[in-house]
Structures are given as structure tokens and as C-alpha cells.
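Survey of secondary and tertiary structure
Listed here are the chains, written in short residue letters.
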Amino acid sequence: MSGGYLTIRNLSAVLRDTGERVLRSVDIDLQPGTIRGLVGESGAGKSMIGKAVLGVLPKALKVVEGEILIDGQDLLKLKDADRRRLIGASTALIPQDPLTALNPSHRIGPQITNRLVDILGWTRRAAEVRALEVLEEVQIADAARVMRQYPHELSGGMRQRILIASAFAAEPKLIIADEPTTALDVTVQKQILKLISNLQARHGTALLFVTHDLGVVAKICDSLSVLYGGKVVEDTDVASFFNGPHHAYGRALLAATPRHTDPDASLLPVPDDVIAAVRAELGEADRQWVRHD
Amino acid sequence: MLDGRGAVKRRAGARLWLSGLWLAIVALAAVFAPLIAPHDPLMQDLLYGRLPPFWMAGAEPGYLLGTDSLGRDVLSRLIHGARIALIVALVAGIGTCLIGSTLGLIAGYYRGWADRIISRLVDIWMAFPPILFAILLIAVIGTGLTSVIVAIVVIDWTRFCRVVRAETLNQSQMDYVHSARIAGFTRMKTMLSEILPNVLPTIVALLSLEMGIAVIVEAILSFVNLSISTDQPTWGGMIAEGRLSIHQAWWVLVFPLITLFLTVLSFAQFGEGLKDRFDPVLR
Ligand SMILES: Nc1ncnc2c1ncn2[C@@H]1O[C@H](COP(=O)(O)OP(=O)(O)O)[C@@H](O)[C@H]1O
Ligand SMILES: [Mg+2]
């Protein structure tokens, strides 16, 4: 479990107020050029893992132990400015909600190019050429016109394409996609998914793909981590997961996901006894963690 | 949906233009007062005392809105009064806006101890009844135009601070703010170029409203004789004097009241209209 582009080791985060653990000794390894799915029900801590990596955890949370290695460098040991520089140059986020991820006050063009110019030191001209290029890569016709438009003039699917283009613009080594299709309707979801996996393959990006949909994992991921209550309960490659998960929770999750006939049915609940068992496991882990602290 | 938006736009347009028109008239009157005013606003002529406005019996040509009990031309005094009103509106409005908005932005975006101190200060400030606060302040720092402006800024910065803080908090949670930070922009840069443009429509609306409030406060302070020296015509001073002769010459009271009312209303409406115009989603 090493040599990944992104390696998270033993990462725990707590709520500042109560001391309750939100991330429980998380280990995640993401190899260069591969896609790892991060799966779990709502509130499992998927977004917090992404935010911890990107350095934008909410103030209410605090990392108390662990390492986040990008290309071998521990982000948590770097000075704030150095960490921002490393993240800014190597990493990008594809956010969940295309409605709030673009600034309503600015035109599309600058929202893609400002970062290239101000942070990465490109010339304005080069940045604009690059923006046109990536917008065409995400199949936006008339990219030059779109760059002059405001976000509210564009559809949700269009905005998500722009966010994807923007994420790939600086050729990052690592992209974190936080449920990038959840806010979109089903037909658009499929196109966006395909777009992301095509771009990922072409650019050889390491992609951490947060989702609660195992169907999506089956389609595009190489490996996956199943998260429950901030703990990784299953860490495996996709083929062996779908051939039979090792953990009871993973099995229940898989059993609850029908083979993609009825999209709503994927929200079937996991049986109570399985939940009780996982909860007990978390409780035990917490007791040991406190003792070892 | 599109129709609704169109209707909003049209209504916003009408109020923007009507209120803008009135404010332009007031501004022109203030700037060119000596050229426009038909008479010297201070010139007394007891022979011409309490002349009624032009449409009433006994009106004198040349005194469109009549004269007060000392024979001073009401229209000329209104026109000259616009000067004090506008100076107070501009200086006090902008001062209040700068101080309140800056503190609100900092509190809402940086949070932490800065927010705790600023929010506490706002709470303490808001516990004082504002007019009483103003009168106390003036009693301490003395009367005069500068005192009036200082009093308004000192009292009313909280209005901006509270609203701007809330709006900034709101914007800070948006994903685009996170994205800017992830990309590597500093907090200062993120606050100024990502958040501020989205809070600006609210600030502009508040600024216009505040200018109206400044005009009222100045009028109230003139009314109780705490503003500038009495021989300079002010709307508040005219209202105070007009009140004394309401039964003999109602116009001395009513015209400054109407002027004051229209001006304050226009400032508020103009702000709302501008806000809609600035709003990127309605634009
Ligand atoms: N701003 C916050 N303040 C306090 N707790 C939070 C905050 N954001 C998230 N959490 C906690 O972190 C947990 C994990 O949240 P999250 O990572 O967003 O879940 P998800 O897996 O749905 O993305 C939640 O159960 C919640 O209790
Ligand atoms: Mg989430």
C-alpha cells in the first residue's frame, strides 16, 4: 500500500466541539492514472476526506492524526503557503453542485483562466487558448462565446462540463470529483460520467471519485473504498468487490443495489443487523483509539 | 418564469427611473442653487410675509411656493436646503458604508475572534435608541455639519455591518469560494474578488437607503436645532419653523415635508432598483 500518487494514512478528524470522530483512521491509496471510487451513504465522511486533502475542511472539524501524502510529501507537515502551492499546482476539484461552484458575478472565461494566470504564471493569451481547448474537449460547441457568458445563462449540464474543463485545464496529477453527477438528471449524468472517464484516461490523471452509486463505480472505477461512519470498511479492486465483498456492510450494500433497472431502488436500506454490526465495530475502534492516543 | 422575470425587470426599471429622476432634480438644485433659486433664501421682507403659493388668491408672481412669516421665498429655501441635505447624504452615507461594509466583510469571511469582537460591538451599539444616541453625541462633540455627519457614521455603521456580514457568511459557503482557495488564491484575494462582487448589489442598495436615512437624521437634528447654524436654510429647519405658523401658512410646513419625503423615498427605491439591475441573476 504505497507509491500511490495520493496516499492517506491513518487519518482521523474530530468535531472541535464534541471531540466526536468524523474520520476514523482512514487509509486510502490512489495509484497514478487510476480511478478510485469512494462509496458510502450520505454523512459517511466522503466529502470530508476530499476537503481534508484539499485543505478546505470546515472550521468545525480538526485533523488530529495521520498523513496525507501527495507525491510523497505530507501535506499536514507542510507550511500553509507551501501546501497551498502544492495543491494549487497539482490538484483540482470537480464539485457536486454546478449551481454554486461557478461565481455568478464573473464570466466563464476568467473563471477558467484567472487561476492559470495568477497562480501558475501563464500568460493571459496562453491561458485563453488553453481554456478554449479544454472547453472543446468537454464538447462545448462555440466555446469562445461561452467564455463570455455568465453562469446563469447556462444549463446545469453545461456548467458541469465547464467545471470539468476547468479542473483539467492545468493538467493536474490528481482530481477529486465529489458526486459530480448527483445534481444532474439521468441522461445528462451518463454523458458527464463518460466525459470524466474519457478525459481521465487521456490525461492519465489520478481520480478520487466520490459517489453513493455502486453502478457508477462498476462503470468507471479501478478500485474502491467503502466508507461507513468515517471508517473505511472495505478497500479492494472493483472486480473482486463485485465478485463478492469481504465485509458484511459491503455485501449488504451490493445486495441493496439492483442491477440498474430502477434507479430509485438503489436507495434500498441496508438491513438493521448489518448496521448494528458496523456500529459495534466503530465503537470498538473508537475505544481502542482513545486508549492508544 | 421568463414572464415573471420580465415583469420584475419592468417594475424595477420604472422605480429606478422615477426615483433617479427626482434625485437628479435634487442634485441639480443643490449644485446650481445660486443660479436657479429665484430669490436670496435669506432675504427677509416683512411686506411680503406669508404669501400663499401661486394657485391661491393673494399669490405674488415670482414667489411660486409662497413665503414664510419673515417673507423669505420658500422655493429658494428648498433649493438651497438641498445642498446641506445632499452633502450629509453623500459624506455620511459613504462613510457609514465604508466602515460598516469593511467590518461586515471581515467578520463574515474571516470569522473567529475578529467576528466575535465585531458582532459583540454591533450588539452593544444596537442596544442604544439611535436618535437619543445622536442627540447625546452631538451634545458631546458640539453642533455643526461635521458633527451631524460624524454622528450618523458612528451610529449607523452597524446597519451595513450586520447585513454585509450575513451576506458574506452566506457567500463564503458557496463552492466557488472553496474552489478559489483550492486553486491557491489568498484569503484576501478570495474575499475581494470572489465574495465582494456578489455582496456589492446589497451594499449599493444599503448605501442608497442610508443616504435617505442621513437626510432624515439631518432634518430631525435641524428640527431640534442641533444641526448647523439656523440662518443656513435646511429642510428640517424649515419644517420646524413652518410648524409654528401652520394655521396661518401651511405651505411653509408642507412643501419641505413633501420634498423630504420624496427624497428619502427615492433614495430607498433607487437602491432597490440598482440592486435588481446589478444582480447577475436578474440582469
Ligand atoms: N460544517 C460541518 N460542521 C460540523 N460537522 C460537519 C460539517 N460538515 C460535515 N460534518 C460532519 O461530517 C460528517 C461527514 O460529512 P460528509 O463528509 O459531508 O458526508 P458525505 O459522505 O455525505 O459527503 C457528517 O455526518 C457531519 O456530521
Ligand atoms: Mg458529500
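Residues numbered from 1 in each chain as written. Chains lettered and ligands numbered in written order. Predicted model: local features only at pLDDT ≥ 70, side-chain atom pairs only at ≥ 80, totals over all residues. Heavy atoms only, no water.

Here we come to the overall build of chain A. Helix and strand content of chain A: 11 helices and 10 strands. In terms of overall size, chain A behaves like a compact globule, its C-alpha atoms giving a radius of gyration of 19 Å where 293 residues would be expected to give roughly 19 Å. Seen through its C-alpha atoms, chain A measures out along the principal axes to roughly 55 × 50 × 35 Å. Counting over 293 residues, chain A shows a buried share of 52%. Contacts in chain A between residues at least 24 apart in sequence constitute 65% of all its contacts with a sequence separation of at least 6. Of the accessible surface of chain A, which amounts to about 13,200 Å², a share of 51% is contributed by carbon and sulfur atoms. Here chain A contributes 34 positively and 36 negatively charged side chains, and the mean placements of these two sets differ by 4 Å. (Helix = DSSP H or I, 4+ residues; strand = E, 2+ residues; numbered from the N terminus. Rg over C-alpha atoms; globule rule 2.2 N^0.38 Å. Buried < 20%, exposed > 50% of the residue type's maximum accessible area, 1.4 Å probe, protein only. Contact = heavy atoms within 4.5 Å. Areas by Shrake-Rupley, 256 points an atom, 1.4 Å probe, with all protein chains shown as cover. Lys, Arg positive; Asp, Glu negative; His and termini not counted. Charge placed at Lys NZ, Arg CZ, Asp CG, Glu CD.)

Taken together, the side chains of Arg16(A), Lys59(A), Lys62(A) and Arg187(B) make up a positively charged region of the molecular surface. Looking at the secondary structure, you find Arg16(A) in the loop between strand S1 (6-15) and strand S2 (21-30). (Patch = residues over 30% accessible without salt bridge, like charges linked within 9 Å, V, L, I, M, F, W, Y side chains within 5 Å. Salt bridge = Lys/Arg side-chain N within 4 Å of Asp/Glu carboxyl O.)

Attention now goes to the sheet that holds strand S4 (residues 61-70) of chain A. All names here are of chain A. Judged by pairing direction, the sheet is antiparallel, and its 4 strands sit side by side in the order S2-S1-S4-S5 without closing on themselves. The two strands at the open ends of the sheet, each matched to only one other strand, are S2 and strand S5 (73-74). Pairing of S1 with S4, which is carried by 8 bridges, proceeds in the antiparallel orientation. Residue pairing for S4: serine 12 is matched across the bridge by glutamate 65. Strand contacts of helix H1 (residues 46-54): S1, S2 and S4, with the helix running at about 70° to S2, the strand carrying the most contacts. (Pairing = 2+ DSSP bridges. Axes fitted to C-alpha atoms, helices over the stretch in contact; angles between N-to-C directions.)

Looking now at the site of ligand 1. Residues and elements named next belong to chain A. Taken together, 13 residues are adjacent to ligand 1, and Gly43, Gly45, Lys46, Ser47 and Met48 come closest. Note that an oxygen atom of ligand 1 is positioned 2.8 Å from one of the side-chain N or O atoms of serine 47. In this structure, an oxygen atom belonging to ligand 1 sits 2.9 Å away from a main-chain N or O atom of methionine 48. Protein contacts shield 64% of the accessible area of ligand 1, which totals 560 Å² for the unbound molecule. With 3 residues, the single largest contributor to the shell around ligand 1 is H1. Taken together, the residues that form the shell around ligand 1 break down as 7 nonpolar, 4 polar and 2 charged. (Near = heavy atom within 4 Å. Polar contact = N/O pair within 3.5 Å; in protein donor to acceptor, adjacent residues only side chain to side chain. Nonpolar A, V, L, I, M, F, W, Y, C, P; charged D, E, K, R; others polar.)

Before going further, it helps to spend a moment on empty space enclosed by the protein. Unfilled space is identified by rolling a water-sized probe across the atoms. Throughout the structure, instances matching the rule amount to 1 cavity of 30 Å³ or more. Considering only enclosed or pocket space, the largest cavity measures out at about 380 Å³ in volume. Lining of the largest cavity is provided by 23 residues; of these, Gln111(A), Arg115(A), Ser166(A), Ser179(B) and Ala180(B) occupy positions nearest its centre. Those elements that provide at least two residues to the lining of the largest cavity are strand S6 (91-94), helix H3 (108-119) and helix H6 (156-169) of chain A together with helix H7 (175-183) of chain B. Among the residues making up the lining of the largest cavity, the classes are represented as 14 nonpolar, 7 polar and 2 charged. (1 Å grid on protein atoms, 1.4 Å probe; cavity = no way out; pocket = protein on both sides within 12 Å on 5 of 7 lines; lining within 4 Å. Points joined across faces, edges and corners; volume = space filled by probe spheres on them.)

Bringing the pairing of strand S8 (residues 206-211) of chain A into the picture now. All names here are of chain A. For S8, a buried count of 6 out of 6 residues is recorded, marking the element as mostly surrounded by other parts of the structure. Alternating residues of S8 divide into Ala206, Leu208 and Val210 and Leu207, Phe209 and Thr211, and every residue in both groups is buried. Relative to S8, strand S3 (residues 35-39) is paired through 5 bridges, and the arrangement is parallel. Its bridge partner being in S8, arginine 36 is matched across the sheet by leucine 208. Sheet analysis places strand S7 (residues 174-178) next to S8, joined by 5 bridges and oriented parallel. For leucine 174, the partnering residue across the bridge sits in S8 and is alanine 206.

Taken together, the contact pairs 21 residues of chain B with 23 residues of chain A. Summing both sides of the interface, chain B and chain A together bury roughly 1,900 Å²; the carbon and sulfur share of this comes to 56%. Summed over the shared surface of chain B and chain A, the result is 1 salt bridge. Counting across the interface, chain B meets chain A through 7 residue pairs in polar contact (both at pLDDT 80 or more). (Buried area = accessible area lost by both parts, 1.4 Å probe.)

A word on the state of the cysteines. In total, this model carries 0 disulfides over all chains according to the counting rule given. With no disulfide of its own, Cys97(B) lies 12 Å from the sulfur of Cys161(B), the closest cysteine sulfur. (Disulfide = S-S within 2.5 Å.)

So, about the pattern of salt bridges. As enumerated under the stated definition, the model contains 24 salt bridges over all chains in all. Note that Asp286(A) is salt-bridged to Arg24(A), the shortest N-O span being 2.8 Å. Of this pair, Asp286(A) sits in helix H11 (residues 272-292) while Arg24(A) sits in strand S2; the two residues are 262 residues apart in sequence, bridging distant segments of the chain. For Asp286(A), a relative accessible area of 19% gives the class buried. Residue Arg77(B) is joined to Asp68(B) by a salt bridge in which the shortest nitrogen-to-oxygen separation is 4.0 Å.

Let's shift gears to a nonpolar patch on the surface. Nonpolar side chains collect at one region of the surface, where Ile87(B), Leu90(B), Val91(B), Ile94(B), Leu98(B) and Ile99(B) lie side by side and expose about 520 Å² of accessible area between them. Within the fold, Ile87(B) resides in helix H3 (residues 74-110).

Just distances and angles here, no functional claims.
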